[in-house]
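# Results of the structural survey
Listed here are the chains, written in short residue letters.
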Amino acid sequence: MKKSLLFAALAVTVAAACTKTNQVPQETTDNGEAVPVRLAVSSPRTIEVKSTGAATGQWSGQKLNIYSYEAGVADYSTATAFIDNVEATAPTSELTGAITLTNPDTSEPFFYAAGKYYDFFGYYIDDAATAVPTVAADGVYVPFTINGSQDLMTATSDKAADIAAAGASLTEDKVYSAYAARRGVQPKLVFKHQLARFTFEIVAGAESGNLINVDGISIESVASGDLKVVGADRGLANLASDKVEFFLQEKTAEGTLQALTPVKPLPYDVSAPKTNVKSVGESLMVVPGAASYRLKVYTSQDNTQSQIEPQVWDLNINNIQGAPEGAAAFEAGYSYKVTIVVYGLEEVKISVELEEWKDGGSTVLDPDIL
């Protein structure tokens, strides 16, 4: 069952104002004031998944963490962070906005030190962090364990883009600094998803489907590892080898997650078969990079005590029609829509659609043609 694509690539930007260090001299403006660090915000498009299955391109008050080191660090384990894992709150209900980042020890902004140039990093880890960050020679790592409901993101800035946005005549080695800030060049953190995302909908394929309850949906995925948030090659690292069954959850009226309530498809429409789809639950976010994922659909039928074995499917990237050319695996930053067609006790048919954070395609998994 092929459907149109509808998910947008994440290129989230965050803004902040930042803290004072007394260990080195500060550069000043013409008025003699110290130059504060400000992280610019530009059209954030972070995805907030609603209980209806819709997605909006706005922040919703997520907790973000910010790092900054002097540019050119060769060994982070021996370096001192300028901004050390400081928490900030993303804007709420805004497409664009700013966050305020202050030193937790002084409640003052961060100020650029004289003659110093910095790199900036950020991350979002939801509630998946399992330990404090670890600093290694090549960067900073945050241990995590996910269950399918969390979104993991990392961020850094694009120096060339920030220079161009300010219309400044600077080279990249002169940012980010008080010198650059006085010329309007501020770091803009661009957040990117590190997981692949699956959303789900159901539809009755025959009148018998009206009797079916979808009790649960799951995908198997690696669940733990490290999120590298500072340094080169940021993203997932040191992943576990074992896989865990992630179960789709739903949001309550209060916005908290709970186990999926058994749900029926909308009544079968004889005049327009398989068109009245219903979104189910939130989404499942999994470790990317696999060519296939094991999907299970748990069902029951009204007026029968018969146990129905879960339907098991392998979602394979090779079955995605219209996927990016050369795609060999499900990728971070992409969302795939899974449509479950319910036929009562006879069978359950599934189609998969790539629903984009970037361009993709769709596929149909039909037991009659496998």
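A quick note: this is a predicted structure, and the numbers were derived from the prediction, not measured.

## Side note on the overall build of the chain
Secondary structure assignment for the chain yields two helices and 27 strands. When the 370 residues of the chain are sorted by exposure, 48% land in the buried category. Accessible surface, the chain as shown: approximately 16,300 Å² in total, 46% of it carbon and sulfur.

## Here's the deal with the confidence of the model for the chain
In this model, the chain carries a mean pLDDT of 81, and residues with pLDDT of at least 70 account for 77%. Low pLDDT (under 50) marks residues 40-56, which in the prediction has 64 contacts with non-local residues, meaning those over four places away or in another chain.

## Some remarks on the side chain of S157
Looking at the secondary structure, you find S157 in the loop between β13 (153-156) and α1 (159-166). Relative accessible area serves as the criterion here: at 17%, S157 is assigned to the buried category. Among the polar contacts made by the side chain of S157, one reaches the side chain of Y176 at a distance of 3.0 Å. With near-sequence residues (within four places) excluded, S157 lies in contact with F120, D162, Y176, P187, K188 and L189.

## Comments concerning the pairing of strand β17 (residues 224-230)
Among the seven residues that make up β17, six are buried, leaving the element largely enclosed by the rest of the structure. In the sheet, strand β12 (residues 139-145) pairs with β17 via six bridges, with the strands oriented antiparallel. Bridge pairing in β17 places F144 opposite G225. By the bridge criterion, three bridges tie β17 to strand β18 (residues 235-237) in an arrangement that is antiparallel. Its bridge partner lying in β18, K228 is registered against G235.

## Quick word on the sheet that holds strand β19 (residues 243-247)
Spatial strand order, β19-β16-β23-β24: four strands in an open sheet with antiparallel pairing. Pairing within the sheet leaves two strands with one partner each, and these edge strands are β19 and β24 (311-316). Across this sheet, the average inter-strand angle for adjacent strands is 25°, counted without regard to direction. Pairing of strand β23 (residues 292-301) with β24, which is carried by six bridges, proceeds in the antiparallel orientation. The partner of S292 across the bridge, within β24, is N316.

## Regarding the sheet that holds strand β11 (residues 134-136)
One open sheet accounts for four strands, arranged β11-β12-β17-β18; its pairing is antiparallel. Each edge of the open sheet is held by one strand with a lone partner, namely β11 and β18. Strand after strand, the sheet turns through a mean of 40° between neighbouring axes, direction not considered.

## As for the pattern of salt bridges
In the structure shown here, the tally under the stated rule is seven salt bridges. Where E201 meets K337, a salt bridge forms, and the shortest distance between an N and an O atom there is 3.9 Å. In this pair, E201 sits in strand β15 (residues 196-204) while K337 sits in strand β25 (residues 335-342), placing the two residues 136 residues apart along the sequence. With a relative accessible area of 5%, E201 lands in the buried category. Its relative accessible area of 12% is what places K337 among the buried residues.

## Digging into the environment of A223
Mapped onto the secondary structure, A223 falls in the loop between β16 (212-222) and β17. Distance from A223 to E245, taken between C-alpha atoms, is 8.9 Å for residues 22 residues apart in sequence. For A223, the residues in contact, after removing those within four places along its chain, are F144, T145, I146, D242, V244 and F246.

## A short note on unusual backbone geometry
A cis geometry characterises the amide bond from V175 onward to Y176, with omega recorded as -5°. Within the fold, Y176 resides in the loop between α1 and α2 (178-181). If you check the backbone angles, N85 has positive phi at about 55° while not being a glycine. The residue N85 is located in strand β8 (residues 83-89) in this model. Residue D126 is not a glycine yet carries a positive backbone phi of 55°.

## Regarding the packing of aromatic side chains
Tallied over the entire structure, the rule returns 14 aromatic pairs. Note on F198 and Y293: the rings are 5.8 Å apart at their centroids and 70° apart in plane angle, and the pair reads as edge-to-face. Here Y293 lies in strand β23 and F198 lies in strand β15, a separation of 95 residues in the sequence. Seen from their ring centres, F198 and F330 are 5.7 Å apart, and the 50° between their planes marks the pair as tilted.

## Some points on α1
The opening residue of α1 is D158, an N-cap whose side-chain oxygen sits 3.2 Å from the backbone nitrogen of A160. Phi turns positive, to about 65°, at G167, one or two residues after α1.

## Quick look at the nonpolar core
By size, the foremost hydrophobic cluster in this structure holds 50 residues, and its most contacted members are F198, F200, I219 and L295. Broken down by element, the residue count for this core peaks at five residues, all from β16. Ignoring any residue separated from it by four or fewer positions in sequence, one finds L295 in contact with F200, I217, S218, I219, Q311, V312, W313, L315, V338 and I350. Within the second largest apolar cluster, 29 residues are counted, among which are V86, V175, A180 and L189.

Analysis parameters
- Residues numbered from 1 in each chain as written.
- Predicted model: local features only at pLDDT ≥ 70, side-chain atom pairs only at ≥ 80, totals over all residues.
- Heavy atoms only, no water.
- Helix = DSSP H or I, 4+ residues; strand = E, 2+ residues; numbered from the N terminus.
- Buried < 20%, exposed > 50% of the residue type's maximum accessible area, 1.4 Å probe, protein only.
- Areas by Shrake-Rupley, 256 points an atom, 1.4 Å probe, with all protein chains shown as cover.
- pLDDT = per-residue confidence, 0-100.
- Contact = heavy atoms within 4.5 Å.
- Polar contact = N/O pair within 3.5 Å; in protein donor to acceptor, adjacent residues only side chain to side chain.
- Pairing = 2+ DSSP bridges.
- Axes fitted to C-alpha atoms, helices over the stretch in contact; angles between N-to-C directions.
- Salt bridge = Lys/Arg side-chain N within 4 Å of Asp/Glu carboxyl O.
- Phe/Tyr/Trp six-rings, centres within 6.5 Å; stacked < 30°, edge-to-face > 60°.
- Core = buried A, V, L, I, M, F, W, Y, C linked by side-chain atoms within 4.5 Å.

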